[in-house]
Amino acid sequence: MTVKTTTSGGYGPGTFVDVEYTPLPAECRRLLHHFAEVSPGFTSDASILDQVDFHGEDLPIIPGPLKSQVMSAVCHAMIGIVGKEICALRGIETGKVSIDVDKAGLYPATPVLMSIDGKGLADIVKDGTIRRAGKDLDRGVLTKNNMHFRSWAIFPTKDPQVWYQIMSNLNPPAFLRAYNLDSEAVTATRDEAYDLIKAEIVKYSAAELDQKNMEHGFCGQTCYTPAQWRQTSMGQRLAAHPLINYRRVALGADLPPVPFQSAKHDQRPLAGIKVIELARVIAGPAMGAALASLGAEVIKVQSPNLPDLQPLSVQLTAGKQTMAVDLTTEAGKKKLHTLIEGADVIIQAFRLRSLERRGFGLEDVLETARARGKGIVYIDLNCYGPDGYYAERPGFQQIADAASGCSYVCGKAYGFDEGVGVLPSLPIADMLSGAVGVIDTMLALRDRAKYGGSYHAAVSLTAVDAAQLEEVVGLYSPEIVKKIQDKYRFAPMTPDLHVEELLAVIGNAWKDNSDLLGRDGYMVKFPGTAWGKDHTILSPIVAYENSSASPRWLHGPVPYCATSSAEWA
């Protein structure tokens, strides 16, 4: 593997900047070999790794210094390699794995890359298309007014060199009340709402904000430098775990191997695998959508009582069933228990151990698997990792960006004053965590088929972000950041901007200054869904020479809570 030469400190404490630029396909090959070497259970056989064909343009399409596009391409290459192993167990030859690095760069923008009847996301939100298609779980959580919308943003604190990411979770009124702010305050613009909130937040130090948010059960995170995060006990605890982090568990270790389905009807790697998705927002749903494209049968179980971000339903429910289950009732618990009895994989993307109170924690599910005599794979996906003093704290992608140092580094790269944080331009931690979770799941299913037992995996948004800041990965130099900006002419990115706005900034620049969104094979069109005709979304990234084994969805996205009952095929 080629050793990368970096220089330290280019974007502040704890950062490592490339001395020389390596074109994207070659950099993907280098980092594939690295992550293969450091990922338990993953092959390090160079002859297998070299069966991945990385191809595309030399320059990244994503703004800023983070190598998010490379990380996306490498994660998908790893998915393709494990899928190739699984197919071999089923007697299927996939041929080489093909990864288009430009398309891999589009992957983190999945939530905005769609159209229905020729209309983009902003139009279908505005005209009510989403609400008319099914149960409205959004309830104006963020879009009700400007105050709600700006309750997810980065703000200055009493210390002018320390900025803080606030997150009102999915309950802006309660969050704003905690800071003596009126969630119904009439503001003419989002900037005015930002200034109102800033006037209150700036009264506190970052430590005081942390304490207040923990007391009230809300998210929040200081925008650390990468060095500061690594020096915290939580950062050190998380760094003790590999990014790909799965293990065989003791309970049910004697359960027999579970072979994969025969290749008679479906050659995709995970055909016949049954997955329950218990998740909201992006990371868990992205993972479930990817597993569905790989052939798994995925049932997304949602509470009809909890809000979710409705626009995500038009991309991240492809290939799934969506089922409303109220776990506050015995009938709802019974429905989920029945599904688990037939499941191979559980995706749990709520706060760590929060489902234990409902009887669906790790030990509960492992015991169900032991009783039925068939192992299971349980995925815990959260913000801060599997252990340590922050592990059970709530968090979203933005919180991980602030904790790890990614927001700080982006602020530095965009020329802001010391300490000013700016979100990475796309929901990168969310989408890459979804891909990492797929790798964990496939490795665990492969091992279950070969050795038996049940498996537990932990996926952390902050770990995914921290990996992008490691010295072995490196950051792009200011010269490369400028080249990317000069080519695509992205609009300014600032601390106040919400993920939705940043997605629009990136999407508009790609549309206006490149051919990326019109390339053959990048999008998949479904003739009709509940929302309308010609429903188009980004197609899967992994492709095999044997196209019959390549990921694909058998049907388009479906609305949230589309049914109150579901059964395995």
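Per an unreviewed UniProt entry, the recorded name for the protein chain is Alpha methylacyl-racemase protein, and the organism is Cordyceps javanica. If you open the UniProt record of the protein chain and go to Sequence similarities (unreviewed entry), you find "Belongs to the CoA-transferase III family."

Caption draft 1: Focus on the pairing of strand 6 (residues 152-156). Of all five residues in strand 6, five are buried, a share of seventy percent or more. Alternating residues of strand 6 divide into W152, I154 and P156 and A153 and F155, and every residue in both groups is buried. The sheet contact formed by strand 6 and strand 7 (residues 163-167) spans five bridges and is antiparallel. The residue of strand 7 that forms the bridge with A153 is I166. Between the end of strand 6 and the start of strand 7, which pair antiparallel, lie six residues.

Caption draft 2: Region of the structure containing the sheet that holds strand 7. Strands sit in the order 6-7-8 across an open sheet of three strands; the sheet is antiparallel. Because the sheet does not close on itself, it has two edges, and the strands there are strand 6 and strand 8 (219-222). Each strand axis lies, on average, 20° off the axis of its neighbour in the sheet, ignoring direction. Across four bridges, strand 7 lies against strand 8 in antiparallel orientation. Looking at the pairing, Q165 lines up with Q221 of strand 8.

Caption draft 3: Empty space enclosed by the protein, seen in detail. Inspection of every chain in the model, using the stated rule, returns four cavities of 30 Å³ or more. Here the largest cavity defines a volume of roughly 290 Å³. Lining the largest cavity are 25 residues, with H76, Y107, A290, P540 and W553 positioned closest to its centre. Elements with a contribution of two residues or more to the lining of the largest cavity: helix 3 (68-89), helix 13 (283-293), helix 14 (313-316), helix 19 (428-451) and strand 17 (532-538). Per-element accounting of the lining of the largest cavity gives the leading share, five residues, to helix 13. Here the residues of the lining of the largest cavity are counted per class, giving 19 nonpolar, six polar and no charged. Space inside the second largest cavity adds up to approximately 50 Å³. Along the walls of the second largest cavity sit F35, M71, V74, C75, M78, L243, I244, V436 and I439, which together make up its complete lining. The residue inventory of the lining of the second largest cavity, partitioned by class, reads nine nonpolar, no polar and no charged.

Caption draft 4: Broad picture of the sheet that holds strand 3 (residues 52-55). Read across the sheet, three strands follow the order 3-4-18 without closing on themselves; strand pairing throughout is mixed. Of all the strands in the sheet, the pair left with one neighbour each is strand 3 and strand 18 (543-544). With four bridges joining them, strand 3 and strand 4 (residues 97-100) adopt parallel strand pairing. Residue pairing across strands places V52 opposite V97, the latter belonging to strand 4. Each of strand 3, strand 4 and strand 18 is contacted by helix 3, which is oriented at about 165° to strand 4, the strand it contacts most.

Here is what the cut-offs are and how they apply
Residues numbered from 1 in each chain as written. Predicted model: local features only at pLDDT ≥ 70, side-chain atom pairs only at ≥ 80, totals over all residues. Heavy atoms only, no water. UniProt positions renumbered as here; feature names shortened; annotations may be inferred. Buried < 20%, exposed > 50% of the residue type's maximum accessible area, 1.4 Å probe, protein only. Helix = DSSP H or I, 4+ residues; strand = E, 2+ residues; numbered from the N terminus. Pairing = 2+ DSSP bridges. Axes fitted to C-alpha atoms, helices over the stretch in contact; angles between N-to-C directions. 1 Å grid on protein atoms, 1.4 Å probe; cavity = no way out; pocket = protein on both sides within 12 Å on 5 of 7 lines; lining within 4 Å. Points joined across faces, edges and corners; volume = space filled by probe spheres on them. Nonpolar A, V, L, I, M, F, W, Y, C, P; charged D, E, K, R; others polar. Contact = heavy atoms within 4.5 Å.

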